[in-house]
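Examining the three-dimensional arrangement
Chain by chain, the residues:
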Amino acid sequence: MKITSFNPIIMTKDAKAVTDLFEELGFELRHTKGGFNKENVTIYDMKNADGFRVDVSQKDGLEQDRLVIRMNVDNINEAYELLKAHGFRNVRGDEIEDSGSSETALMVSPTGYCIRVIQHTK
């Protein structure tokens, strides 16, 4: 398995405030993907001139913002099994979600931090 990118995701109920802050820090909106997951989540992919990336995820109903690690890989099944072997659990049971352009699973470590593992298919 090869990791193709690795960056933070800020999950928030107020993506506008977060993206505005990161724009002031020099990040530009590169890509927006709406209707992501079964919960109608919108993802804002931002990047600065030095190549640093941050995703901002609009998710209604959150009590507070959450920080997740985004890990894009070339083989989601291999990454999924490796994380499971280290005690991670998928928040959706054993379901790997298919958005049509990627497959993804949100994995939670035994101590509580999260990694969203993603394999782009298109």
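This one's a predicted model, so the numbers in the text were calculated from it and none came from an experiment.

1. A short note on helix α1 (residues 15–24)
Among the residues of α1, A15, V18, T19 and F22 are the ones counted as buried. For α1, the buried positions fall inside an angular range of 95° around the axis, keeping them on one side. Exposed positions of α1 whose direction lies more than 90 degrees from the buried face are K16 and E24. On its buried side, α1 packs onto β1 (3–12), β3 (41–47) and β4 (53–58). G26 sits one or two positions beyond α1 and adopts a positive phi of about 100°.

2. A short note on the confidence of the model for the protein chain
Here the protein chain averages 93 in pLDDT, while 96% of its residues score no lower than 70. Here strand β2 (residues 28–36) stands out as the element of the protein chain with the lowest mean pLDDT, 83, in contrast to strand β6 (residues 89–90), whose mean of 98 is the highest.

3. Re a nonpolar patch on the surface
A cluster of nonpolar side chains, namely M1, I3, F6 and L82, defines an oily patch on the protein surface of about 380 Å² accessible area. As for its placement among the helices and strands, L82 is situated in helix α2 (residues 76–85). We classify L82 as partly exposed; its relative accessible area is 46%.

4. Comments concerning the pairing of β3
On a regular strand, each side chain points to the face opposite its neighbour's, so the side chains alternate between the two faces of the sheet. Burial analysis of β3 places 5 of its 7 residues in the buried class, the great majority of the element. Sheet analysis places β3 next to β4, joined by 6 bridges and oriented antiparallel. Among the inter-strand pairings, Y44 is bridged to a residue of β4, identified as V56. Hairpin connection from β3 to β4: 5 residues lie between these consecutive antiparallel strands, with G51 at a positive phi of about 90°.

What counts, and at which threshold
Residues numbered from 1 in each chain as written. Predicted model: local features only at pLDDT ≥ 70, side-chain atom pairs only at ≥ 80, totals over all residues. Heavy atoms only, no water. Buried < 20%, exposed > 50% of the residue type's maximum accessible area, 1.4 Å probe, protein only. Helix = DSSP H or I, 4+ residues; strand = E, 2+ residues; numbered from the N terminus. Arc of directions from axis to C-beta. Contact = heavy atoms within 4.5 Å. pLDDT = per-residue confidence, 0-100. Patch = residues over 30% accessible without salt bridge, like charges linked within 9 Å, V, L, I, M, F, W, Y side chains within 5 Å. Areas by Shrake-Rupley, 256 points an atom, 1.4 Å probe, with all protein chains shown as cover. Salt bridge = Lys/Arg side-chain N within 4 Å of Asp/Glu carboxyl O. Pairing = 2+ DSSP bridges.

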